[in-house]
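Topology and contacts: notes
So you can see what is in the structure, the chains are spelled out below.
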Amino acid sequence: MLHCEHYRRGDCRSCQWLETPYPEQLAQKTAHLQQQLRGLDDSALTRFAPFQSLPAEFRNKAKMVVSGAVERPILGILPNPTDPQSAVDLCDCPLYPQRFRVIFPVLKDFIARAGLVPYNVAKQKGELKHILLTESHRSHELMLRFVLRSETKLPLIRRELAGLCAKLPQLAVISVNIQPQNAAILEGEKEIFLTEQHTLPETFNGIPLFIRPQGFFQTNPQVAEGLYGTAQQWIKGLPINRLWDLFCGVGGFGLHCLSALQAQNPHRRIHLTGIEISASAIAAATQSAAQLGLTEQVHFQPLDAADFALNQADKPDLVIVNPPRRGIGKALADFLNTMRPPFILYSSCNAETMGKDLQSLTHYRAEKIQLFDMFPHTAHYEVLVLLRLKD
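Just so it is clear, the model here is predicted, and its values are computed rather than measured. (Residues numbered from 1 in each chain as written. Predicted model: local features only at pLDDT ≥ 70, side-chain atom pairs only at ≥ 80, totals over all residues. Heavy atoms only, no water.)

1. Some words on the overall build of the chain
Operational definition: Strands are runs of DSSP state E lasting at least two residues, helices are runs of H or I lasting at least four, and both sets are numbered from the N terminus onward. Computation of the radius of gyration draws on C-alpha atoms alone. For the globule rule, the value is 2.2 Å times the number of residues to the power 0.38. What makes two residues a contact is simply this: any of their non-hydrogen atoms within 4.5 Å. Only the protein chains shown count as cover for residues, and the accessible areas themselves come from Shrake-Rupley with a 1.4 Å probe.
Helix and strand content of the chain: 10 helices and 17 strands. Its C-alpha radius of gyration of 22 Å places the chain within 12% of the 21 Å reference for a compact globule of 391 residues. Excluding contacts between residues fewer than 6 apart, the proportion of contacts in the chain whose partners are at least 24 apart in sequence is 69%. Just so you have it, the chain exposes about 17100 Å², and 51% of that area is on carbon and sulfur atoms.

The structure is reproduced here in structure tokens:
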């Protein structure tokens, strides 16, 4: 069982299942997933054992609320935003890599040197709201983002930046995000880069991916790599020439599948269309496609995935969907029933909405399913399902 002093003291209960042995966590998640599949035709369904996570040090990203005083900042959580005394320093959180523990003191020193006064929600004073630290699983390079209320402190940050980079040479991307609202919104629209490099390179299963500010990226790289790799294995050998990747994010699923299909059919050109509403994520996906030399076969667009699909006439052979927690919804499910692509690959972060979507996809039967424990010590998990059009 993972030991955490913050959980023991009751300071932080983000890991609600920390006292539950890991095998029992997986058993409970498996049972919950099975409940969501009730009423579905599972006569031809192959169930794979859950893909397990490392129990500790599995997160590649730290989202730290900044509180306390400028000379002694606290990085962690603020359970009661109106009470600064409720702040909990989580620099020793066991979910973060050990490498982070030597980085946080350097960042605290930088905050003091740059005079970045922590934002006080109750008084609506101060500047620094959050620090967001992301690490590349491949290279251990870092992306550091300061979330500020305004641009007032930018000159001071720039003044101290060389010293910070000298102490932390692994910093590859540094930016400032401006979030002026006095609200529980993590970041704002404006991003100011302080380094020439704007993306953090990552690699899963030999596929280059790029992490960008304001773009979603999985926080458990070991399990994410397994998830993408499984999708790649499941579609090998299927008769696919055209595929859509809806809600494609940085292109992980689509590029994995396209690369596998193209490797099997080097003389046939496989086409991928990727749709994602985040322009930042689309920029990262386009960068990955270029590095793979697949630019002519790939078309990524920053659009609403459902709106795009509902206005298309051409039918792909495979549709990949990786929707947010609300699922794909009945309108998109009905459209897929009407369009009837031969295969659907559904990746879900919410098995309950996925179960409803599968009930709506009446022209399909589930062939393969696997649980991926992206979020150990919590009730959350991800699922991958391969669906085939019924005869």
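2. Remarks on the sheet that holds strand 16 (residues 364-372)
Put simply, the test is: Only strands that DSSP links by at least two bridges are regarded as paired with each other. To define axes, lines are fitted to C-alpha atoms, for helices over the stretch in contact only, and angles between the resulting N-to-C directions are given on a 0 to 180 degree scale.
The sheet built from eight strands is open, its strands ordered 1-16-17-15-14-11-12-13 with mixed pairing. At either margin of the open sheet sits one strand with a lone partner, and together these are strand 1 (46-51) and strand 13 (298-301). Averaged over neighbouring strand pairs, the angle between their axes works out to 15° when direction is ignored. Inspection of the sheet shows strand 16 paired to strand 17 (residues 382-389) by eight bridges, in the antiparallel sense. By the bridge assignment, Arg365 is partnered in strand 17 with Arg388. Against the sheet, helix 2 (residues 22-36) engages strand 1, strand 16 and strand 17, with an angle of about 160° to strand 16.

3. A word on the packing of aromatic side chains
What counts is decided by this rule: The pairing test for Phe, Tyr and Trp rings, Trp by its six-membered ring, is centres within 6.5 Å, and the orientation test on the planes gives stacked under 30 degrees, edge-to-face over 60, and tilted for anything in between. Partly exposed describes any residue whose relative accessible area lies between the buried limit of under 20% and the exposed limit of over 50%, with all areas from a 1.4 Å probe on protein chains only and scaled to the type maximum.
Across all of its chains, the model carries 10 aromatic pairs by this definition. When the ring of Tyr228 is compared with that of Phe253, the centres are 4.9 Å apart and the planes differ by 85°; the resulting orientation is edge-to-face. One end of the pair, Tyr228, is in helix 5 (residues 221-235); the other, Phe253, is in helix 6 (residues 252-264), and 25 residues separate them in sequence. Judged by its relative accessible area of 4%, Phe253 is buried. Through pairs of rings, three or more aromatic residues link up here, namely Phe204, Phe217, Tyr228 and Phe253.

4. A closer look at helix 5
In an α-helix, one full turn covers 3.6 residues, which means residues spaced three or four apart are oriented alike. To keep things clear, this is the line we draw: Expected span of a helix: the number of residues minus one, times 1.5 Å.
If you check helix 5, its first and last C-alpha atoms are 21 Å apart, about what 15 residues at 1.5 Å a residue would give, namely 21 Å. Of all 15 residues in helix 5, 12 are buried; the element is thus mostly enclosed. Looking only at helix 5, the buried set comprises Pro221, Val223, Ala224, Gly226, Leu227, Tyr228, Gly229, Thr230, Ala231, Gln232, Trp234 and Ile235. Of the residues trailing helix 5, Gly237 is marked for its positive phi of about 85°.

5. Remarks on the pattern of salt bridges
Basically, it comes down to this: Basic side-chain nitrogens of Lys or Arg form a salt bridge, by our definition, when they fall within 4 Å of a carboxyl oxygen of Asp or Glu.
Applying the stated criterion to the full structure yields 18 salt bridges. Here Asp42 makes a salt bridge to Arg47, at a shortest N to O gap of 3.0 Å. According to the relative accessible area criterion, Asp42 is partly exposed, its value standing at 33%. For Arg99, the salt bridge identified is with Glu135, shortest N-O distance 2.7 Å. In this pair, Arg99 is assigned in the loop between strand 4 (88-89) and helix 3 (100-114) and Glu135 in strand 5 (residues 128-135), connecting sequence segments 36 residues apart. On the basis of relative accessible area, Arg99 is assigned to the partly exposed category, the value being 39%. Here the salt bridges do not stand alone but share partners, grouping Glu5, Arg8, Arg9 and Asp11 into one network.

6. Notes on the pairing of strand 16
Within strand 16, seven of the nine residues are buried, which leaves it mostly tucked inside the rest of the structure. Pairing of strand 1 with strand 16 involves four bridges; the strand directions are parallel. Opposite Phe51, over in strand 16, you have Phe372 as the bridge partner.

7. Things to note about the sheet that holds strand 5
Read from one edge of the open sheet, seven strands run 4-3-2-5-6-7-8, paired in mixed fashion. Only two strands of the sheet have a single partner each, and these edge strands are strand 4 and strand 8 (190-193). Sheet topology note: the strand 7 (residues 171-178)/strand 8 ladder contains four bridges and is antiparallel. Pairing of Val176 across the sheet is with Ile192, part of strand 8. In the packing of helix 3 onto the sheet, contacts are made with strand 2 (61-69), strand 3 (72-77), strand 4, strand 5 and strand 6 (142-148), and the angle to strand 5 comes to roughly 150°. Against the sheet, helix 4 (residues 154-167) touches strand 6, strand 7 and strand 8, its axis set at about 165° to strand 7.

8. Description of the nonpolar core
This is how the line gets drawn: To qualify as a nonpolar core, a set must consist of buried Ala, Val, Leu, Ile, Met, Phe, Trp, Tyr and Cys residues joined through side-chain atoms within 4.5 Å.
With 46 residues, the main nonpolar core has Ile235, Leu243, Phe300 and Leu345 as its most contacted residues. If you tally residues by element for this core, the top one is helix 5, at seven residues. Ignoring sequence-local partners within four residues, the contact set of Leu345 consists of Ala231, Trp234, Ile235, Cys257, Leu318, Val319, Ile320, Val321, Leu384, Val385 and Leu386. With 44 residues, the next largest nonpolar core counts Tyr7, Leu18, Leu75 and Leu128 among its residues.

9. Some remarks on the environment of Pro323
When you line up the elements, Pro323 lands in the loop between strand 14 (318-321) and helix 9 (329-339). The exposure class assigned to Pro323 is buried, which follows from its relative accessible area of 4%.

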